[in-house]
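Each chain, written out:
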Amino acid sequence: MLGIGDPGAGAHVSLAVPAPNPSSDRAAEFALALPAVDDVTLELYDTAGRRVASRPTEHMSAGAHRLAWNTGVHSPGLYFLRLTTASGARAHRSFVVVR
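Residues numbered from 1 in each chain as written. Predicted model: local features only at pLDDT ≥ 70, side-chain atom pairs only at ≥ 80, totals over all residues. Heavy atoms only, no water.

A. Broad picture of the pattern of salt bridges. Scanning all chains against the criterion turns up five salt bridges. The salt bridge involving E43 is made with R82; its shortest N-O contact spans 2.6 Å. Here E43 is found in strand β4 (residues 38-46), whereas its partner R82 is found in strand β7 (residues 77-85), with 39 residues between them in sequence. Relative accessible area serves as the criterion here: at 8%, E43 is assigned to the buried category. Put simply, E43, R51 and R82 are held in one network by salt bridges that share partners. (Salt bridge = Lys/Arg side-chain N within 4 Å of Asp/Glu carboxyl O. Helix = DSSP H or I, 4+ residues; strand = E, 2+ residues; numbered from the N terminus. Buried < 20%, exposed > 50% of the residue type's maximum accessible area, 1.4 Å probe, protein only.)

This is how it looks when you write it as structure tokens:
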């Protein structure tokens, strides 16, 4: 897992590499962990930096979570998943969609 946060504040959000990676016509699952209750936004970007999808902001409890993303609706290629919390923590992961 990749964790990013302000080391001085003790805030640390973790985001695992989506699996399977590469993904095909099914959902990719990914795990995330939050240090405290927070609002979480997930966005998907292509290599040109265009936001191609997003999930509605979710209010999540502290701890581990597993989410699925339907990759079957996206063209083959490299994508970047960005997690942002209302408290300012961010994490990024890349994954590949194939056919």
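B. The packing of aromatic side chains, seen in detail. Going through the model one piece at a time under the given rule, you end up with one aromatic pair. Ring centres of Y79 and F95 lie 6.4 Å apart, and the angle between their planes is 35°; on these two criteria the pair is classed as tilted. Of this pair, Y79 sits in strand β7 while F95 sits in strand β8 (residues 90-97), and the two are 16 residues apart along the sequence. The exposure class assigned to Y79 is buried, which follows from its relative accessible area of 7%. (Phe/Tyr/Trp six-rings, centres within 6.5 Å; stacked < 30°, edge-to-face > 60°.)

Scope: geometric values only; no functional claims are made or implied.
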